[in-house]
Amino acid sequence: TTLFRSLIEDLAQRFPQRCFVLVGNSAEKDPEIYGAFARRHANRTIDIYIREMTDSPDSRYHKAFAQIDHVHWHVFRTVFDLGVR
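*Asks:* Looking at this structure, how should I read the overall build of the chain?
*Replies:* Looking only at helices and strands, the chain has 3 helices and 3 strands in total. Put simply, the chain runs from its N terminus to its C terminus through helices and strands in the order α-β-α-β-α-β. Here the C-alpha atoms of the chain give a radius of gyration of 13 Å, agreeing with the 12 Å that 2.2 N^0.38 yields for 85 residues. With the C-alpha coordinates of the chain rotated into their principal frame, the extents come out at 35 × 30 × 20 Å. Counting all 85 residues of the chain, 35% fall into the buried class. The long-range fraction of contacts in the chain, counting pairs at least 24 apart against all pairs at least 6 apart in sequence, stands at 73%.

The structure is reproduced here in structure tokens:
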């Protein structure tokens, strides 16, 4: 987790003009890492997508994405949950 966090922070530093769409899953700490990243880089984080794989409680996501507008984070099981056809 620390390595992964370091990698995305490194990308943010290397590409200061870029914005990010973060895609991960609930199996490990992706929601928590992405939430912290989005709070530090609010103006550069467009959206966060987390694939639910573990039946995590909603409270986990509300805590991980605290202070991030709900329209910018999405939890899904399949692409169909996102309205993709």
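More follows now that the structure is in view.
*Asks:* Help me understand the nonpolar core in this model?
*Replies:* Nonpolar side chains tend to gather and get buried jointly when the protein is soluble and globular. In terms of nonpolar packing, the biggest core is built from 15 residues, with Leu22, Tyr34, Phe37, Ile48, Ile50, Phe65 and Trp73 touching the most fellow members. Listed by contribution, the elements that provide at least two residues to this core are helix 1 (2-14), strand 1 (20-25), helix 2 (30-40), strand 2 (45-51) and helix 3 (58-64). The greatest single-element share of this core, amounting to 4 residues, is contributed by helix 2. Not counting residues up to four positions away in its chain, the partners in contact with Phe37 are Ile8, Glu9, Ala12, Phe20, Leu22 and Thr45.

*Asks:* Explanation requested: the pairing of strand 3 (residues 73-76) in the structure shown.
*Replies:* If a strand is regular, its side chains alternate between the two faces of the sheet. Bridging between strand 2 and strand 3 involves 4 bridges; their strand directions are parallel. Looking at strand 3, one finds that Ile48 is bridged to Trp73. Read from strand 2 through helix 3 to strand 3, the crossover connection turns out right-handed.

*Asks:* Teacher, can you tell me more about the packing of helix 1 against helix 2 here?
*Replies:* In a pair of packed helices, the angle between the axes and the distance between the axes together describe the arrangement. Where helix 1 meets helix 2, the axes come as close as 11 Å, and the angle between the chain directions of the two elements is 30 degrees. Comparing their axes, helix 2 and helix 1 come out roughly parallel. Judged by the twist between their axes, the crossing of helix 1 over helix 2 is right-handed. Taking contact as the criterion, the partners of Phe4, Arg5, Ile8, Glu9 and Ala12 in helix 1 are, on helix 2, Asp30, Ile33, Tyr34, Phe37 and Arg40. Split by residue class, the contact of helix 1 with helix 2 holds 6 nonpolar, no polar and 4 charged.

Cut-offs and rules
Residues numbered from 1 in each chain as written. Predicted model: local features only at pLDDT ≥ 70, side-chain atom pairs only at ≥ 80, totals over all residues. Heavy atoms only, no water. Helix = DSSP H or I, 4+ residues; strand = E, 2+ residues; numbered from the N terminus. Rg over C-alpha atoms; globule rule 2.2 N^0.38 Å. Buried < 20%, exposed > 50% of the residue type's maximum accessible area, 1.4 Å probe, protein only. Contact = heavy atoms within 4.5 Å. Core = buried A, V, L, I, M, F, W, Y, C linked by side-chain atoms within 4.5 Å. Pairing = 2+ DSSP bridges. Right-handed = clockwise from strand over helix to strand, strands pointing away. Axes fitted to C-alpha atoms, helices over the stretch in contact; angles between N-to-C directions. Parallel < 35°, antiparallel > 145°, perpendicular 65-115°, else oblique. Left-handed = near helix turned anticlockwise from the far one by under 90°. Nonpolar A, V, L, I, M, F, W, Y, C, P; charged D, E, K, R; others polar.

Everything listed is a geometric property; what it means functionally is a separate question.
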